[in-house]
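Summary of the model geometry
Single-letter residue listing:
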Amino acid sequence: MAQAPAGVSRGASGSLPSLGDNLELAAGAERRIGDRIAASIYRDPDYIDDPVLGDYVQTIWQPLMTAAKARGELNPELAERFAWELFLLRDRSINAFALPGGYFGVHLGLIGAVSSRDELAAVLGHELSHVTQRHISRLITQQARMTPWVIGAMILGALAASKSPQAAEAAIMGGQAVAVQSQLNFSRDMEREADRVGFGVMTDAGFDSRGVGSMFEKLQQASRINDNGSFPYLRSHPLTTERIAEAQARLQLASQNAPARSKAELEESAQARFLHAMMAARARVLADPGVDALRAMVAEAQRQTSAAQATSFEIRNAGVLYAGALAAAKLRDFTLARSLTEKLRTLASGNAHALNTAGLLSLELDLLAGVVPAAVSRIDISKAASRAELLLQARALLAAGRAQEVGDRLLTWVTAHPRDAAAWQLLAVAYGNQNQNVRAIRADAEGRAAQLDYNGALDRLRAAQAMIRSNPGSADFVEGSIIDARTRQLDSLVKEQALQDKLDR
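1. Some details on the overall build of the protein
Scanning the protein from N- to C-terminus turns up 24 helices and four strands. When each of the 505 residues of the protein is scored for burial, the buried share is 51%. Considering only contacts within the protein whose residues lie at least 6 apart along the sequence, 67% involve residues at least 24 apart. Surface exposure of the protein reaches about 23000 Å², of which carbon and sulfur atoms provide 52%.

2. What about helix α17 (residues 334–348)?
The first and last C-alpha atoms of α17 sit 20 Å apart over 15 residues, in line with the 21 Å expected at 1.5 Å per residue. Among all positions of α17, only Phe334, Leu336, Ala337, Leu340, Thr341, Leu344, Leu347 and Ala348 are buried. Down the axis of α17, the buried set is contained in an arc of 150 degrees. They therefore lie on one face. Downstream of α17 by one or two residues, Gly350 has phi in the positive range, about 95 degrees.

3. Quick word on helix α14 (residues 263–286)
Given a rise of 1.5 Å per residue, 24 residues ought to cover 34 Å, and the 35 Å separating the end C-alpha atoms of α14 matches this to within 8%. Of the residues trailing α14, Asp288 is marked for its positive phi of about 55 degrees.

4. Looking at a nonpolar patch on the surface
A contiguous nonpolar patch, built from Phe477, Val478 and Ile482 and spanning about 330 Å² of accessible area, is present on the exposed surface. Note on Val478: relative accessible area 53%, which makes it exposed.

5. So, the pairing of strand β3 (residues 96–99)
Here β3 shows a buried face lined by Ala96 and Ala98 and a second buried face lined by Phe97 and Leu99. Direction of pairing for β3 relative to strand β4 (residues 103–107): antiparallel, over a ladder of four bridges. Among the inter-strand pairings, Phe97 is bridged to a residue of β4, identified as Gly105. What sits between β3 and β4 in their antiparallel hairpin is a turn of three residues, with Gly101 showing a positive phi close to 80 degrees.

6. Regarding the sheet that holds β4
Consider a sheet: its strands pair through backbone hydrogen bonds, and that pairing is either parallel or antiparallel. Reading across from one edge, β1-β2-β4-β3 is the order of the four strands in this open sheet, with mixed pairing throughout. Both outer strands of the open sheet, β1 (47–48) and β3, are each paired with one neighbouring strand and no more. Bridge count for β1 against strand β2 (residues 85–89) is two bridges, and the pairing is antiparallel. Residue pairing in the sheet places Tyr47 in a bridge with Leu89 of β2. The strands touched by helix α1 (residues 27–43) within the sheet are β1, β2, β3 and β4, with β2 carrying the most contacts at an inclination of about 30 degrees. Of the strands in this sheet, β2 and β4 touch helix α2 (residues 51–71), which is tilted by about 135 degrees from β2.

7. What about the side chain of Asp444?
Counting through the fold element by element, Asp444 comes out in helix α22 (residues 437–450). A polar side-chain atom of Asp444 sits 3.2 Å from a polar atom in the side chain of Gln425. Apart from the residues lying within four places of it in its own chain, the contact partners of Asp444 are Gln425, Ala428 and Arg460.

8. What about the pattern of salt bridges?
Following the criterion strictly, the structure yields 28 salt bridges and no others. Residue Asp50 is joined to Arg282 by a salt bridge in which the shortest nitrogen-to-oxygen separation is 2.8 Å. In this pair, Asp50 sits in the loop between β1 and α2 while Arg282 sits in helix α14, placing the two residues 232 residues apart along the sequence. With a relative accessible area of 9%, Asp50 lands in the buried category. We classify Arg282 as buried; its relative accessible area is 1%.

9. A few points about the packing of aromatic side chains
Any aromatic ring pair is given by two values, namely how distant the centres are and how the planes are angled relative to each other. The final tally for this structure, using the stated rule, is seven aromatic pairs. With 5.8 Å between their ring centres and 45 degrees between their planes, Phe82 and Trp84 make a pair best called tilted. Neither residue differs from the other here; Phe82 and Trp84 are each classed as buried. Clustering of aromatic rings is evident, with ring pairs tying together Tyr42, Tyr47, Phe87 and Tyr103. If you follow Arg250 out to its NZ or CZ, it ends over the ring of Phe199, 6.0 Å from the centre.

10. Some words on the confidence of the model for the protein
Averaged over all residues, the pLDDT of the protein equals 84, while 80% of them reach at least 70. Low pLDDT (under 50) marks residues 306–311, which in the prediction has three contacts with non-local residues, meaning those over four places away or in another chain.

11. Quick word on the packing of helix α19 (residues 387–399) against helix α20 (residues 403–416)
It is the contact of α19 with α20, at a shortest axis distance of 9 Å, that shows an interaxial angle of 155 degrees. One way to sum up the angle between α19 and α20 is to call them roughly antiparallel. As for how α19 packs across α20, the hand of that crossing is left-handed. Contacts from Arg387, Leu390, Leu391, Ala394, Leu397 and Leu398 in α19 reach Ala403, Glu405, Val406, Arg409, Leu410 and Trp413 in α20. For the contact of α19 with α20, the residue count by class is nine nonpolar, no polar and three charged.

12. Concerning unusual backbone geometry
Unlike most non-glycine residues, Arg332 shows phi in positive territory, near 70 degrees. Its place among the elements puts Arg332 in the loop between α16 (311–330) and α17. Phi at Leu452 is positive, roughly 65 degrees, even though this residue is not glycine. Its location among the elements puts Leu452 in the loop between α22 and α23 (454–470).

The rules we used
Residues numbered from 1 in each chain as written. Predicted model: local features only at pLDDT ≥ 70, side-chain atom pairs only at ≥ 80, totals over all residues. Heavy atoms only, no water. Helix = DSSP H or I, 4+ residues; strand = E, 2+ residues; numbered from the N terminus. Buried < 20%, exposed > 50% of the residue type's maximum accessible area, 1.4 Å probe, protein only. Contact = heavy atoms within 4.5 Å. Areas by Shrake-Rupley, 256 points an atom, 1.4 Å probe, with all protein chains shown as cover. Expected span 1.5 Å × (residues − 1). Arc of directions from axis to C-beta. Patch = residues over 30% accessible without salt bridge, like charges linked within 9 Å, V, L, I, M, F, W, Y side chains within 5 Å. Salt bridge = Lys/Arg side-chain N within 4 Å of Asp/Glu carboxyl O. Pairing = 2+ DSSP bridges. Axes fitted to C-alpha atoms, helices over the stretch in contact; angles between N-to-C directions. Polar contact = N/O pair within 3.5 Å; in protein donor to acceptor, adjacent residues only side chain to side chain. Phe/Tyr/Trp six-rings, centres within 6.5 Å; stacked < 30°, edge-to-face > 60°. Lys NZ or Arg CZ within 6 Å of the ring centre and 35° of its normal. pLDDT = per-residue confidence, 0-100. Parallel < 35°, antiparallel > 145°, perpendicular 65-115°, else oblique. Left-handed = near helix turned anticlockwise from the far one by under 90°. Nonpolar A, V, L, I, M, F, W, Y, C, P; charged D, E, K, R; others polar.

Structure follows, in structure tokens:
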């Protein structure tokens, strides 16, 4: 790793200059750049807020965050100032990336391609380390002559390039940004540092270090063949002989020091692989592979049997059956989708997490079919144990006309999770179904604000104020006061944002 210049202090991890050093962009400025990019990603048609996949990725992401804090890689100030938010993107290419301000993108193609949660943890730990080590900040600081507005546009252009060169050119906005775009790629030293720190973070988080080895093998194999665009990750994170050699050395040392796993740990690992096979299958279907690919998934699932097989075969079958059921639903063959889901539930018996995930798929199939789910009479939304359960159960109860239950539970949820745009939107529907129109408009506004669309949110709040003025009985005093306060807050944010944009330009 490159040595820091004389006089530069290092953090607790021994690898990170402190936030006060003038070698780095201030955390607040970096967050503003990230917010600009995030607001655009929220409006991108490829952005997907899938609660089932989102919950699964969070079971990997949160242990990584906890480990980074415990190791001193993520200091309290940065933990507070940055977003630390993941975006799922409906893209079949194998890629993940870190953005300024603690935002991270994960392509569904990556989730669908990795063989285990450990491989996914290896990639996410690496990307997390790029941010905790302030690599993005250092790169932006090197381009000190560029304004944050131009930097944000340039990064958006780089993201758009994989979809449309024309869109990329429009987003990059100018020859200067194009000329320095390559300079924002991570240096070799930064890549090796992220490898080293990410390895420590993922192993401290409890993931198997062999996930790094198998992920490197996938990347090595891809780098040896002609690049057809499926691995954009390799272009922004190029493999070098140094990276490969150091990774192999770390893996060898880790394997020598690793204690033998107990029977319980082996069983837990097998159950985790079973669930991952289902989630990888979901990612492949939701990535919109096309009708022919969906039909191929259905055909493969139909060839599977429900007979007991070896453990490794059961794991493979779990993914095949899950993909087939969801693909059949996308093709509007709900009878077949339900049949495959029942086979999946039989296969998942004894694995609580996988069985619960199969149950959520059953609920989702009914919603996709446009019918009130058969299990709705047994739903107690107050006991929803995850975000996926909450949102799917809320949709089921709304279909059954039980809007008040949904409203009560979601109000509690958004109070604790104010950035959950999907929950706010469902709450808006619940209020609308109860003819509480002012509350519905405010919930819609909060959903927009959660996705950084402050202008859109402000317009909705002003519409709510207009409704209250024209119909004084449409909202009580408390609701009106909340709307007035939020209108002032968002109006201030919009003005500050406009002023900052003017200064940046």
